[in-house]
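Chains, contacts and geometry: an overview
Given next are the chains, with one letter for each unit.
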Amino acid sequence: TSRVRVSWGPRGAARRRAAELTQVPESPELGSELRRRGVAHVDDLRAWGVSTPPVGEAYRGWLIDPEWAAALAGRLVEAVRVHDRDDPLDPGLPTESARRTLDLPDAALLEAVLAEPAAASLRTEGGRVTAGAAALPEKVRSAAEQVAERLRVAPFDAPTADELDELGLGPRELAACGRAGLLTGLGAGVWLGQDVFDEAVRRLRQLPQPFTPSAARTHLDSSRRVVMPLLEALAARGLTRREGDDGHIVT
């Protein structure tokens, strides 16, 4: 008669848990706790009798295991790469999406992940984790270059909304072109070339100072639709200033 061998030892998850417990020191220690948990809050650690560094050194009170942070850095780089590949017009992950992707309890921990050498290609910008501007789709880049070529001949003859639409340049495409430095948006659907401010200052300096918007419109061979937001943008950058009720001066 064959004998059936029965084992009463722990199996699967229970066995792994037992192995973890054998590695836990009798007195709670910060390094081992973080290695087991990945992340932990200083309040919880102190409640468990673990000595922690001053709260000022933590990320909103959270601490993360260095090895776990390094592993998450690699995951974050890949997540941003995939996102940019799938949606190049909207590069970078919102910080909340990045937090959920890494299953972190607090977005403040992203700073610790981004500090890892593996995440050196990433940065936070405008509430997003980004690797820089993603490559524009060829169709969008070609359309932007057509607009830029027109503006090289007539720098202040902004294409109309209908003309942009015919080229396939909607709001998302134009915003991406702006981030890529191909075009400059002045608001209200007005898009000009990348060197528009330097060229505007050069030409407006030729006018008697102060000059009026009407004089600027004539001198720039443009329209009120373009000149008014252009003058606002120049003033916001400190390149011109208002003089009297309707005058402007190149600073």
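Up top is the structure these notes are about.
In this text, all values refer to a predicted model and were calculated from it rather than measured experimentally.

Overview of helix 9 (residues 171-179)
Residues of helix 9 that are buried include every one of E173, L174, A176 and C177, and no others. With its buried residues spanning 160° around the axis, helix 9 presents them on a single face. Where helix 9 ends, the next residue or the one after it, G181, has phi of about 80°, a positive value.

Notes on the sheet that holds strand 3 (residues 93-94)
Strands sit in the order 3-5-4 across an open sheet of 3 strands; the sheet is antiparallel. A strand with exactly one partner marks an edge of an open sheet, and here the two such strands are strand 3 and strand 4 (123-125). By the bridge criterion, 3 bridges tie strand 4 to strand 5 (residues 128-130) in an arrangement that is antiparallel. Note on strand 5: the bridge partner recorded for T124 is V129.

Notes on helix 12 (residues 224-236)
A rise of 1.5 Å per residue sets the reference length of helix 12, with its 13 residues, at 18 Å; its end C-alpha atoms lie 18 Å apart and thus fit the reference within 8%. For helix 12, the complete set of buried residues consists of V226, V227, P229, L230, L231, A233 and L234. Buried residues along helix 12 sit in contact with strand 7 (191-192), helix 10 (196-204), helix 11 (213-219), strand 8 (240-243) and strand 9 (247-250). Count one or two residues on from helix 12 and you reach G238, which has phi positive near 75°.

Basis of the calculations
Residues numbered from 1 in each chain as written. Predicted model: local features only at pLDDT ≥ 70, side-chain atom pairs only at ≥ 80, totals over all residues. Heavy atoms only, no water. Buried < 20%, exposed > 50% of the residue type's maximum accessible area, 1.4 Å probe, protein only. Helix = DSSP H or I, 4+ residues; strand = E, 2+ residues; numbered from the N terminus. Arc of directions from axis to C-beta. Pairing = 2+ DSSP bridges. Expected span 1.5 Å × (residues − 1). Contact = heavy atoms within 4.5 Å.

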